[in-house]
Structure formats: C-alpha cells, structure tokens
Amino acid sequence: MRRFILFAISSILLFSMFQVLSGWILTLMYTPNMSDAWNKNADLPQEVVFGGSDFMPTLLVAIISATIAFFMSKRGVKNT
C-alpha cells in the first residue's frame, strides 16, 4: 500500500508539472491575430471571469491513470 501511495503522489506531481510546463510553452509560442480580435470585439462579454475551470476532473483522471499504471506495472513484474 505504501508503494502505491508513493507511486500515486509522484505520478500526480509529474502530471501537474507537465501540465504547467505545457501551458507555459504554449503561452510563450502564442501570437494573437490582432485583426481578427478587433473584428470579433463586438461579440465578447464585457466582464472577465477568472477561475471558471474546475481542476477536480483532471485530478481524478490523474489518480485513476496512476492507479491503472501501478497495477499494470505490478502485474508485469509478477509475470516475468
């Protein structure tokens, strides 16, 4: 059980680090098209809302994938 908890925590930390790194790289590479943004300005809302996305489904998927990976690796070691 201790190995599973360590594996799950390390998987979630790696997953989170890759998510942050991916977002950082995508933000650095993004170049907005100002002419399209100017033309679409009339359709945009006047208020900005931060924190609208929920992190729990992503965390849940990370925990489930870490659990599956742990048991598959444990099964693979047992079979060899």
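Parameters and conventions
Residues numbered from 1 in each chain as written. Predicted model: local features only at pLDDT ≥ 70, side-chain atom pairs only at ≥ 80, totals over all residues. Heavy atoms only, no water. Helix = DSSP H or I, 4+ residues; strand = E, 2+ residues; numbered from the N terminus. Buried < 20%, exposed > 50% of the residue type's maximum accessible area, 1.4 Å probe, protein only. Areas by Shrake-Rupley, 256 points an atom, 1.4 Å probe, with all protein chains shown as cover. Patch = residues over 30% accessible without salt bridge, like charges linked within 9 Å, V, L, I, M, F, W, Y side chains within 5 Å. Salt bridge = Lys/Arg side-chain N within 4 Å of Asp/Glu carboxyl O. Phe/Tyr/Trp six-rings, centres within 6.5 Å; stacked < 30°, edge-to-face > 60°. pLDDT = per-residue confidence, 0-100.

**Some thoughts on the overall build of the protein**
So, point 1. Helix and strand counts for the protein stand at three helices and zero strands.
So, point 2. Here the protein, with 80 residues, has 8% of them falling under the buried criterion.
So, point 3. Counting every atom, the protein has about 7,600 Å² of accessible surface; 69% of that belongs to carbon and sulfur.

**Section: a nonpolar patch on the surface**
So, point 1. On the surface, a cluster of nonpolar side chains totalling about 900 Å² of accessible area is made up of L14, M17, F18, L21, W24, I25, L28 and M29.
So, point 2. Secondary-structure assignment places I25 in helix α1 (residues 2–29).
So, point 3. A relative accessible area of 36% places I25 in the partly exposed class.

**A few points about the packing of aromatic side chains**
So, point 1. Tallying each qualifying case throughout the model produces one aromatic pair.
So, point 2. Arranged with centres 5.3 Å apart and planes meeting at 75°, the rings of F70 and F71 form a pair that is edge-to-face.

**Considering the confidence of the model for the protein**
So, point 1. Confidence in the prediction for the protein averages 76 pLDDT; 79% of positions are at 70 or higher.
So, point 2. When the elements of the protein are averaged for pLDDT, helix α2 (residues 34–39) gives the smallest value, 73, and α1 the largest, 82.

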